Amino acid sequence: MSSTLHAPFRADFVGSFLRPKALKEARAQFAEGRIGAQELKSVEDRLIKDLIEKEKAHGLQDITDGEFRRAYWHLDFMWGLEGVEHIELEHGYQFHDEETTKGSTRLTGKLGGKNHPFVEHFKYVKQFEGEGIVARQTIPAPAQTLAEFFRGNNARDTQKIYPDEHQLIEDLASAYRQVIKDLYAAGCRNLQFDDCTWGMIIDDDYWKAIAGTGFTLEGEAERYLEVNNLALQDKPNDLVINTHICRGNYHSSWASKGAYDPVAPYVFAQENVDAFYLEYDDERSGSFEPLKYIPEDKQVVLGLITTKLPVLEDKEEVKRRIREAEKYVPLDRLCLSPQCGFASCEIGNKLTEAQQWAKIDLVREIAKEVWG
């Protein structure tokens, strides 16, 4: 495998895939105490191996475990940090037309990142690298973890442990740096921060809900930018860290809406990542104009293919939108992908596995026609 091989690729994807029935059944049996951890791991290992074979067969150059060992795209990682425990709230996240399951986090002590289980998860995927194939690890962005610590009543527990928010941000970033260091030692050279915080704070409904609290978009943007960039400090030069930004993805529903314009001067212009995977599958994302803030040394992956619906997009329309984006970012710095994963949580989106792979094939076909 070339040491310079890294995402993003012209035809790419975000990370998660629909969970097979056998995996859902095994995880349910484990939750009910009917099978043990080793039995569950054996099922996960086998199905992840099968998934990676499919990723390769469909021409993908980066491989992931599809997030098959997780219930959530974000919370399982947070539960693996020192000083964090798994709790269940009275209510889940409120999406456009559906409420999610109710998992969340509680701070129980000072944060740390040692012995994170995701490092072992990555090692399993790493072994399947080969010529032209590189393993990628996806984790929630530090900003996403910070936001979860202040979700609803979680703030009370967070402030008991960290009355000084600046120290919280420092410790959270330090915990991430530890995880990044350990992933790097395990051979990881492609890491992805998944981040819905930017999509949250550009939604007018979010600000209506917290009216009178004293929070401002500028203040939140600076806070999220600070913790993300602190976590990225001192990363090895040959470790590529990209970020994916969307507005929620749960059972084919969405959580927020709004164009990138208000946050582009922060996240696009100043976050120290190598590339941006951006949701652009419908009108909720606004225009491509905010892409003008992205520095010339960074790539953009246009999420123009939706994972929420099974219908295949029109190739010519997708190409037209790529040409539109090219007004702000040159074609040689653009790539194509679905707007998000196919199963950000284990419930998955409302399409079949065959329809999922048809979407991946469509991305590849369009990328080949556009970039050769």
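Details of the structure are given in the entry above.
Just so it is clear, the structure is predicted and the values come from calculations on it, not from any experiment. (Residues numbered from 1 in each chain as written. Predicted model: local features only at pLDDT ≥ 70, side-chain atom pairs only at ≥ 80, totals over all residues. Heavy atoms only, no water.)

Draft legend 1. Highlighting the packing of aromatic side chains. Evaluated as defined, the whole model comprises 13 aromatic pairs. Plain terms: the ring middles of Phe17 and Phe342 are 5.8 Å apart, the flat faces sit at 15° to each other, and that makes the pair stacked. With a gap of 325 residues between them, Phe17 in the segment before α1 (21–31) and Phe342 in the loop between β10 (334–338) and α13 (353–371) connect regions that are remote in the sequence. Both residues of the pair, Phe17 and Phe342, count as buried. The interplanar angle of 70° and the centroid separation of 5.5 Å between the aromatic rings of Phe77 and Phe118 together place this pair among those described as edge-to-face. (Phe/Tyr/Trp six-rings, centres within 6.5 Å; stacked < 30°, edge-to-face > 60°. Helix = DSSP H or I, 4+ residues; strand = E, 2+ residues; numbered from the N terminus. Buried < 20%, exposed > 50% of the residue type's maximum accessible area, 1.4 Å probe, protein only.)

Draft legend 2. A look at the packing of helix α7 (residues 165–185) against helix α10 (residues 217–232). Packing of α7 against α10 leaves a shortest axis separation of 8 Å and a crossing angle of 35°. For the pair α7 and α10, the sense of crossing is right-handed. Every residue of α10 that contacts α7 at Glu165, His166, Ile169, Glu170, Leu172, Ala173, Tyr176, Arg177 and Ile180 is listed here: Arg223, Glu226, Val227, Leu230 and Ala231. For the contact of α7 with α10, a count of residues per class yields eight nonpolar, one polar and five charged. (Axes fitted to C-alpha atoms, helices over the stretch in contact; angles between N-to-C directions. Left-handed = near helix turned anticlockwise from the far one by under 90°. Contact = heavy atoms within 4.5 Å. Nonpolar A, V, L, I, M, F, W, Y, C, P; charged D, E, K, R; others polar.)

Draft legend 3. Focus on the nonpolar core. Core analysis: the largest hydrophobic core is formed by 109 residues, its most contacted members being Trp198, Phe268, Leu278, Leu291 and Leu302. For this core, the element with the most residues is α7, which contributes nine residues. With near-sequence residues (within four places) excluded, Trp198 lies in contact with Ala221, Tyr224, Leu225, Asn228, Ile245, Val263, Tyr266, Val267 and Glu271. Counting residues in each nonpolar core, the second largest holds seven residues, with Leu5, Phe9, Val134 and Tyr277 among its members. (Core = buried A, V, L, I, M, F, W, Y, C linked by side-chain atoms within 4.5 Å.)

Draft legend 4. Expanded view of empty space enclosed by the protein. Per the stated rule, a full pass over the model turns up one cavity of 30 Å³ or more. Volume-wise, the largest cavity comes out at about 40 Å³. If you go around the largest cavity, the residues you meet are Thr64, Asp65, Arg70, Val125, Arg136, Gln137 and Thr138. When grouped by side-chain class, the residues that make up the lining of the largest cavity number one nonpolar, three polar and three charged. (1 Å grid on protein atoms, 1.4 Å probe; cavity = no way out; pocket = protein on both sides within 12 Å on 5 of 7 lines; lining within 4 Å. Points joined across faces, edges and corners; volume = space filled by probe spheres on them.)

None of the figures reported here should be taken as evidence of function without further support.
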